[in-house]
Amino acid sequence: MRPLLSVFAALVAIALAGVLSTDGGTIFTGTSDGYVLAVNSSNGNEIWRHQLGAPVDAAPMTYMANGKQFLVVAAGSTVTAFAVPSG
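Reading the values: rules and limits
Residues numbered from 1 in each chain as written. Predicted model: local features only at pLDDT ≥ 70, side-chain atom pairs only at ≥ 80, totals over all residues. Heavy atoms only, no water. Helix = DSSP H or I, 4+ residues; strand = E, 2+ residues; numbered from the N terminus. Buried < 20%, exposed > 50% of the residue type's maximum accessible area, 1.4 Å probe, protein only. Contact = heavy atoms within 4.5 Å. Areas by Shrake-Rupley, 256 points an atom, 1.4 Å probe, with all protein chains shown as cover. Pairing = 2+ DSSP bridges. Axes fitted to C-alpha atoms, helices over the stretch in contact; angles between N-to-C directions.

### Concerning the overall build of the chain
Step number 1: Looking only at helices and strands, the chain has 1 helix and 7 strands in total.
Step number 2: Counted from the first residue to the last, the chain has its helices and strands arranged as α-β-β-β-β-β-β-β.
Step number 3: A burial count over the chain gives 36% of its 87 residues as buried.
Step number 4: Of all intrachain contacts in the chain linking residues separated by at least 6 positions in sequence, the fraction that spans at least 24 positions is 25%.
Step number 5: Total accessible area on the chain stands at roughly 5,100 Å², and carbon and sulfur atoms take up 57% of it.

### A look at the sheet that holds strand β7 (residues 78-83)
Step number 1: Strand order across the open sheet formed by 3 strands is β5-β6-β7, with antiparallel pairing between neighbours. Of all strands in the sheet, those with a lone pairing partner are β5 (61-65) and β7, marking the two edges. Ignoring which end each strand starts from, the neighbouring axes of this sheet average 30 degrees apart.
Step number 2: Relative to strand β6 (residues 68-75), β5 runs antiparallel, the two sharing 5 bridges. Within β6, the position partnered with T62 by the bridge is L71.

### Concerning the environment of H50
Step number 1: For H50, the position within the fold is in strand β4 (residues 46-51).
Step number 2: Along the sequence, H50 and V36 sit 14 residues apart, while their C-alpha atoms lie 5.4 Å from each other.
Step number 3: What H50 contacts, discounting residues up to four positions off in sequence, is G34, Y35, V36 and F82.

### Section: the pairing of β7
In regular strands, side chains alternate between the two faces of the sheet.
Step number 1: Of the pairings in the sheet, the one linking β6 to β7 comprises 6 bridges and is antiparallel in character. Directly across from F70, in β7, lies its bridge partner A83.
Step number 2: Connecting β6 to the next strand, β7, in antiparallel fashion are 2 residues, including G76 with a positive phi near 60 degrees.

### Section: the environment of A17
Step number 1: Note that A17 resides in strand β1 (residues 15-21).
Step number 2: The buried category is assigned to A17, whose relative accessible area is 11%.
Step number 3: For the pair A17 and F28, spaced 11 residues apart in sequence, the C-alpha to C-alpha distance is 9.8 Å.
Step number 4: Once you skip the residues sitting within four places of it in the chain, A17 turns out to touch T29, G30, V56, D57, A58 and A59.

### Looking at the pairing of strand β3 (residues 35-40)
Step number 1: Note that strand β2 (residues 26-31) and β3 share 5 bridges and pair antiparallel. When the bridges of β3 are listed, I27 appears paired with V39.
Step number 2: Looking at chain direction, β3 and β4 are connected through 5 bridges and run antiparallel. Paired with A38 across the two strands is W48, which belongs to β4.
Step number 3: Count of turn residues in the β3/β4 antiparallel hairpin: 5 residues, of which G44 carries a positive phi of about 80 degrees.

What follows is the structure in structure tokens.
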């Protein structure tokens, strides 16, 4: 198991954008090559990635609507929202 500080340091090294951590143990960030990433905070394993087509240069954000959580990421001139799976 990797300590959280080492996971965070590894993400900051690849992230152009900020880093968002959740109470559920997931860390989100974006990269200069246009990916948004989700990483397990306890072990550093990548959970998910998605190509947005432009550099991610802003911190990911999250919000709740109608009882569902969403992740919002700005890349280039586009803002993309993803539904976050519950559980």
